[in-house]
Amino acid sequence: MPLPAPLRSWLEICPAEVLEGIALATVCENQPGPPADIASLLRVSKSIFFTISMENNPGLYAKIFSIKFDDRAAVRRLGETCRYTRNRANELAKRFRSLKRFKLMACRQFCASPTARDDLWLAYLLFLEHDRHNYQQLVSYAAVDEFASSFILNGGPFHDGVDGNGGWKIDSEINALAAWIFWFTDKDRVANETGADRNRVLTAFAHTFVGSFKYASTHAPITSFHLPPNITPLPLPLSPALPLAARPSSRPTYLQHFGLYLSITPPLLTPAALLSCAVRLETEYAETGDDLAEQKQPTTKFAEWGQDGGSERHEHDWTRLLTCYSPWTQPVTRRGCVFTPGMVTGTWVGRMFEIPRDEYDALLAPDHFAAAPTPPLLCVYPKPMQFDVCEYHAHDDSQKIGYNDLSTQGSAGDGVLMAWWPRGVVMDETERKLYLSSNNPLWSSTYDIFDPVSAARRTLDNEYRRTGPYTHGVYDIIITATTGAHLGHKWFYGRVRDWDGLILLVSVEPPLPTPTRIFSGYIHGNMHLVGRWRETATPVDQPGWEGVWSMTKVE
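Residues numbered from 1 in each chain as written. Predicted model: local features only at pLDDT ≥ 70, side-chain atom pairs only at ≥ 80, totals over all residues. Heavy atoms only, no water.

*Asks:* Let's hear about the overall build of the protein: which residues, and what values?
*Replies:* Looking only at helices and strands, one finds 22 helices and 13 strands in the protein. Contacts in the protein between residues at least 24 apart in sequence constitute 70% of all its contacts with a sequence separation of at least 6. When the accessible area of the protein is evaluated, it comes to approximately 24200 Å², of which 56% is carbon and sulfur surface. (Helix = DSSP H or I, 4+ residues; strand = E, 2+ residues; numbered from the N terminus. Contact = heavy atoms within 4.5 Å. Areas by Shrake-Rupley, 256 points an atom, 1.4 Å probe, with all protein chains shown as cover.)

*Asks:* Report on empty space enclosed by the protein, specifying residues and quantitative values.
*Replies:* Under the counting rule described, the total for this entry stands at six cavities of 30 Å³ or more. Each pocket or cavity is described by its volume, and for the largest cavity that value is around 120 Å³. Contributing to the lining of the largest cavity are 15 residues, with W180, F184, H314, H524 and G525 lying nearest its centre. For the lining of the largest cavity, the element with the highest residue contribution is helix α11 (residues 173-184), accounting for three residues. Considered class by class, the residues forming the lining of the largest cavity number eight nonpolar, four polar and three charged. (1 Å grid on protein atoms, 1.4 Å probe; cavity = no way out; pocket = protein on both sides within 12 Å on 5 of 7 lines; lining within 4 Å. Points joined across faces, edges and corners; volume = space filled by probe spheres on them. Nonpolar A, V, L, I, M, F, W, Y, C, P; charged D, E, K, R; others polar.)

*Asks:* How would you explain unusual backbone geometry if you had to name every residue and give the values?
*Replies:* Positive phi, close to 55 degrees, is recorded for N154, a residue that is not glycine. With respect to the secondary-structure elements, N154 resides in the loop between α10 (144-152) and α11.

*Asks:* Any chance you could break down helix α13 (residues 195-210) for me, citing the residues and the numbers?
*Replies:* When the local axis directions of α13 are compared, the greatest deviation, roughly 45 degrees, occurs at A204. Listing the buried residues of α13 in full gives R198, V201, L202, A204, F205, A206, H207, T208, F209 and V210. (Bend = angle between axes of the 7 residues up to and from the residue. Buried < 20%, exposed > 50% of the residue type's maximum accessible area, 1.4 Å probe, protein only.)

*Asks:* Lay out the side chain of T323 with the relevant residues and their values.
*Replies:* Along the chain, T323 turns up in helix α17 (residues 315-323). We classify T323 as buried; its relative accessible area is 0%. For T323, the side chain forms a polar contact with the main-chain oxygen of T319, separated by 2.8 Å. (Polar contact = N/O pair within 3.5 Å; in protein donor to acceptor, adjacent residues only side chain to side chain.)

*Asks:* A description of the environment of W180 should follow, citing residues and the corresponding values.
*Replies:* Tracing the backbone through its elements, the reader meets W180 in helix α11. Spatially, the C-alpha atom of W180 lies 8.1 Å from that of P267, the residues being 87 residues apart in sequence. Not counting residues within four places of it along the chain, the set of residues in contact with W180 comprises Y124, P267, L268, P271, A272, L275 and H524.

*Asks:* Tell me about the packing of aromatic side chains, and name the residues and values.
*Replies:* One pass over the full model with this rule turns up 24 aromatic pairs. Ring centres 5.3 Å apart and planes at 40 degrees place the aromatic pair W491 and Y493 in the tilted group. Residue class for W491 comes out partly exposed when judged on its relative accessible area of 26%. For Y493, a relative accessible area of 7% corresponds to the buried category. In textbook terms, an aromatic cluster arises when at least three aromatic residues are bridged by ring pairs, as seen for W121, Y124, F127, Y135, W180 and F184. Here the guanidinium or amino end of R189 rests over the ring plane of F182, the centre of that ring lying 3.9 Å away. Taking NZ or CZ as reference, R517 lies 4.5 Å from the ring centre of W533, over its face. (Phe/Tyr/Trp six-rings, centres within 6.5 Å; stacked < 30°, edge-to-face > 60°. Lys NZ or Arg CZ within 6 Å of the ring centre and 35° of its normal.)

*Asks:* So what's going on with the pattern of salt bridges? Residues and values would help.
*Replies:* Throughout the structure, instances matching the rule amount to 29 salt bridges. Across the pair D71 and R88 runs a salt bridge, and its minimum N-O distance is 2.4 Å. In this pair, D71 sits in the loop between α4 (58-68) and α5 (72-78) while R88 sits in helix α6 (residues 85-104), placing the two residues 17 residues apart along the sequence. Overall, D71 belongs to the buried group, its relative accessible area being 15%. When its relative accessible area of 10% is taken as the criterion, R88 is described as buried. The salt bridge involving R517 is made with E354; its shortest N-O contact spans 2.6 Å. In this pair, R517 sits in strand β11 (residues 517-524) while E354 sits in strand β3 (residues 346-354), placing the two residues 163 residues apart along the sequence. Among the residues examined, E354 registers a relative accessible area of 9% and is labelled buried. A cluster of three or more residues bridged by salt bridges with shared partners is formed by R72, R76, R77, D131, E312 and E315. (Salt bridge = Lys/Arg side-chain N within 4 Å of Asp/Glu carboxyl O.)

*Asks:* Outline the packing of α10 against α11, listing residues and values.
*Replies:* Viewed as axis vectors pointing N to C, α10 and α11 meet at an angle of 130 degrees, and their least axial separation amounts to 9 Å. By the angle between their axes, α10 is oblique relative to α11. Here α10 and α11 pass one another in a crossing that is left-handed. Facing V144, A148, S149, F151 and I152 of α10, the residues of α11 in contact are I174, N175, A178, A179, I181 and F182. Of the residues contributing to the contact of α10 with α11, the split by class is nine nonpolar, two polar and no charged. (Axes fitted to C-alpha atoms, helices over the stretch in contact; angles between N-to-C directions. Parallel < 35°, antiparallel > 145°, perpendicular 65-115°, else oblique. Left-handed = near helix turned anticlockwise from the far one by under 90°.)

*Asks:* Any chance you could break down α17 for me, citing the residues and the numbers?
*Replies:* Buried residues dominate α17, accounting for nine of its nine residues. Within the span of α17, buried status applies to E315, H316, D317, W318, T319, R320, L321, L322 and T323. Elements in contact with the buried residues of α17: α5, α8 (116-128), β2 (260-264) and β11.

*Asks:* So what about the confidence of the model for the protein? Which residues, and what values?
*Replies:* Put simply, the protein has an average pLDDT of 81, and 81% of its residues get 70 or more. Across the protein, the secondary-structure element scoring lowest on mean pLDDT is helix α14 (residues 242-245), at 36, and the one scoring highest is α8, at 96. Scored below 50 in pLDDT, residues 233-247 shows 42 contacts in the model against residues more than four places distant or in partner chains. Residue range residues 406-411 is modelled with pLDDT below 50. Its contacts to residues more than four positions away, or to other chains, number eight contacts. (pLDDT = per-residue confidence, 0-100.)

*Asks:* I'd like to hear about the packing of α6 against helix α9 (residues 134-141), residue by residue, with values.
*Replies:* The geometry of α6 relative to α9 is characterised by a closest axis approach of 9 Å and an angle of 30 degrees between their N-to-C directions. Contact with α6, carried on its side by R95, F96, L99, K100 and K103, involves N134, Q137, L138 and Y141 of α9 and no other residues of that element. Looking at the contact of α6 with α9 residue by residue, the class counts come to four nonpolar, two polar and three charged.

*Asks:* Please set out the pairing of strand β6 (residues 433-439) residue by residue, giving values where relevant.
*Replies:* The side-chain alternation of β6 yields one buried face, formed by L434, L436 and S438, and one unburied face, formed by K433, Y435, S437 and N439. In terms of strand pairing, strand β5 (residues 426-429) meets β6 through four bridges, oriented antiparallel. Across the sheet, V426 pairs through a bridge with S437, a residue of β6. One ladder, built from seven bridges, connects β6 with strand β7 (residues 442-449); its direction is antiparallel. Of the residues in β7, the one forming a bridge with L436 is S445. Following β6, the chain reverses through two residues before pairing antiparallel with β7. (Pairing = 2+ DSSP bridges.)

As structure tokens, this is what we get:
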């Protein structure tokens, strides 16, 4: 008598499509973390495992990926490869393995693992790609905010190596990534901080704050407007002189993302540290009721991570990472946009931070320069800044003004102390135009003020929008800015470098006819203008008095 057939559960006799639908029904969009109930379903029987395992059914896990993570930004930036079923399925598994390490491993144990660098990069990129889901996975499930606090504060890995570096924090890839994750998750942290907590953060970042000459703040030397420069890369001696202070990375790092191998440059440490310090100093000023608080300036805005999109805010940051790793190397990845015409137009408020000149000179002295100051640190004095910015565009390559050629001006670079402008320029600013001219040599040019209506019309013209280094038919961007009476009627003019979107401004304080300071920086997240300032009296090949500044755009 033949043996009876083994009984099969109703799940086992379901069509594959129905079983897949049941598996998807166990995945909750609002519940952070991996789809744990699918693991129970996989254990029911071999036949069910065969039907819905990742190896045999990557399409199921690609759908789960879309429920748990955002991919709109990745598709926009890297192309349709990010939509491939197998890539999404593999990315789902990779991401939850990484986030689980953030969640379960102690900070020191995490940093000692061979996956630490890739895990930090993944977390950083997930923030840049957030539209709806990523922040919930990073913070609610993986607790990367707590990891970042452990990394930066209380003697965490951020402080490693300082003894062999004269007490200065190490400007490393891992430290920069952790500092940005710290800033991205700072909103709730600052809201719950005590004064002692605030001081711990300021102390942790203080060396990058007061010793900005020791840390990279640009992706290429600010002395060059035209890139690649007309010179070969130079060795970087231990010197705070302006041409070498930026210390740009000369080669990229490599990373796998969505199955693609990317050449990419690490983010800069200085802006993240400065934003975290600035928001805490502003909180302190508001509590003490000092003169700055009476200016009623809005504080530095935190990064927002809602569920209504927002990855577009980080488009320029992403493009700089992918294409600006060396001015002497042509990036293999397609270039995106490092600066959108019109994005700096408007009102900006913030502060510049000054160290008294005599204290700063003492810091640069040979017997002190190699060693970082120890807390309590040098006095840092904030000064309010507010200016209204106008952008002027050259819509034809023949309109674009020149610059001081590095090969003919020596250490003065491409006219960096004059905002990358040629010498002897006469400027006439009207309501809609900027007229520029020179008598030696004889030339003239006209730039048009940024007009949102005309810019939108050019955007619709597909042929026109692809022209010019900034696209939208823009070949060069000049900036002018003015302050109000309460800040001394200062006047600024400057330019935007098309290679990386670096903004360079010089300030003129009447009745002095020549610039007194230069301000350089990038716009991060479409709302923070962060960088360094430096006085212009000292030649650029010598150490000069400098500091940092941070501005927020008023919406």
